[in-house]
Amino acid sequence: MAMYTNSVHYGNEPHPFDSPYEVMKGLKRDFNELRAAFQAEQQQRAVEVQQLRQEVQVLKDQLQKESHERKTICHQTVQDLTQVRSDQIKSLEEMKVGFASSLHQLNQLLQDEMRDRRAEGSLRDTRESTEKSERQSENAAMKDDMGKHKQVFFGARDDIYQ
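Every chain begins its residue count from 1, and numbering advances along the sequence as written. Under the rules for a predicted model, residues below a pLDDT of 70 receive no local features and side-chain atom pairs below 80 are neither given nor counted, while totals for whole chains, interfaces and linings still include all residues. Side-chain metrics rest on all non-hydrogen atoms present in the structure, leaving aside hydrogens and water.

Considerations on the overall build of the protein chain
- What the protein chain contains, in helices and strands, is two helices and zero strands.
- With the radius of gyration taken over C-alpha atoms, the globule rule is written as 2.2 Å times the number of residues to the power 0.38. By the compact-globule yardstick of 15 Å for 162 residues, the protein chain is too spread out, its C-alpha radius of gyration being 66 Å.
- Burial classes: relative accessible area under 20% of the type maximum marks a residue as buried, over 50% as exposed, and values in between as partly exposed (1.4 Å probe, protein chains only). Looking at the 162 residues of the protein chain, the share that counts as buried comes to 2%.
- For the protein chain, the accessible area works out to roughly 15,400 Å², and carbon and sulfur atoms hold 58% of it.
- In this tally, Lys and Arg are treated as positive and Asp and Glu as negative; His is ignored, and so are the chain termini. Each charge is placed at NZ for Lys, CZ for Arg, CG for Asp and CD for Glu. If the 24 positive side-chain charges of the protein chain are averaged to one point and the 28 negative ones to another, these points end up 3 Å apart. A run of H or I in DSSP becomes a helix once it reaches four residues, and a run of E becomes a strand once it reaches two; helices and strands are each numbered from the N terminus. All accessible-area figures derive from a Shrake-Rupley calculation using a 1.4 Å probe, and residue coverage is judged against the displayed protein chains alone.

Description of the pattern of salt bridges
- Should a side-chain nitrogen of Lys or Arg be within 4 Å of a carboxyl oxygen of Asp or Glu, the pair is scored as a salt bridge. Under the counting rule described, the total for this entry stands at eight salt bridges.
- E66 is the salt-bridge partner of R70, the closest N and O atoms lying 2.7 Å from each other. Residue R70 and its partner E66 are both found in helix α2 (residues 18-161); the two are separated by four residues, about one turn of the helix.
- Using a relative accessible area of 53% as the deciding quantity, one classes R70 as exposed.
- Note on E66: relative accessible area 37%, which makes it partly exposed.
- For K96, the salt bridge identified is with E93, shortest N-O distance 3.8 Å. Remark: E93 and K96 occur in helix α2; sequence separation between them is three residues, near one turn of the helix.
- You can call K96 partly exposed: its relative accessible area is 47%.

Describing a negative patch on the surface
- A patch consists of residues whose relative accessible area exceeds 30% and which take part in no salt bridge; residues with like charges are grouped when within 9 Å of each other, and nonpolar side chains (Val, Leu, Ile, Met, Phe, Trp, Tyr) when within 5 Å. Taken together, the side chains of D125, E128, E131 and E134 define an acidic patch exposed on the protein surface.
- On the secondary structure map, E131 appears in helix α2.
- Among the residues examined, E131 registers a relative accessible area of 40% and is labelled partly exposed.

What to know about the environment of D87
- Note on placement: D87 falls in helix α2.
- In this structure D87 comes out as partly exposed when scored by relative accessible area, which is 37%.
- For the pair formed by D87 and L123, sequence separation is 36 residues and the distance between their alpha carbons is 53 Å.

Notes on a nonpolar patch on the surface
- A contiguous nonpolar patch, built from F99, L103, L106, L109 and L110 and spanning about 530 Å² of accessible area, is present on the exposed surface.
- Counting through the fold element by element, F99 comes out in helix α2.

Notes on the confidence of the model for the protein chain
- In the predicted model, the protein chain carries a mean pLDDT of 88, and the fraction of residues at 70 or more is 93%.
- As a per-residue measure, pLDDT reflects the predictor's confidence and takes values from 0 up to 100. The criterion used for residue contact is that any of the two residues' heavy atoms lie within 4.5 Å. Contacts for the low-pLDDT stretch residues 1-6, under 50 throughout, to residues beyond four places or in other chains number five contacts.

Okay, structure coming up:
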């Protein structure tokens, strides 16, 4: 390329290909600069793509790990809730049995109390009727005694006044 610039000129006139040659040199230089810039840009984008791929892989791994942890936690929570539910059902059944037993005992106590009160009432009625008949017998005996005493008194009075 230097051979064109050092070539023999006819006089002071510039060579007719010098100007296009300079333009071509400028274009070639611009082209090389653009190619270098393009390659640098391409390399930078390749590095960015690689970084993004690594970041995506890290995020995928984290997501998978977190998903596994959440599934484990959910599974454990379901097991815990199942255990709590069965414990509550068992406690409820025990309370029902205890309540039924207490209710049965209370019913038995009420039945016994009712039977005792009926027996007491019957015994009281029997006692009262026995006492009543004793009082009536005593009253009749006292009336008879008074009647006899009256007869004796009137008989003695009649004997005294006669």
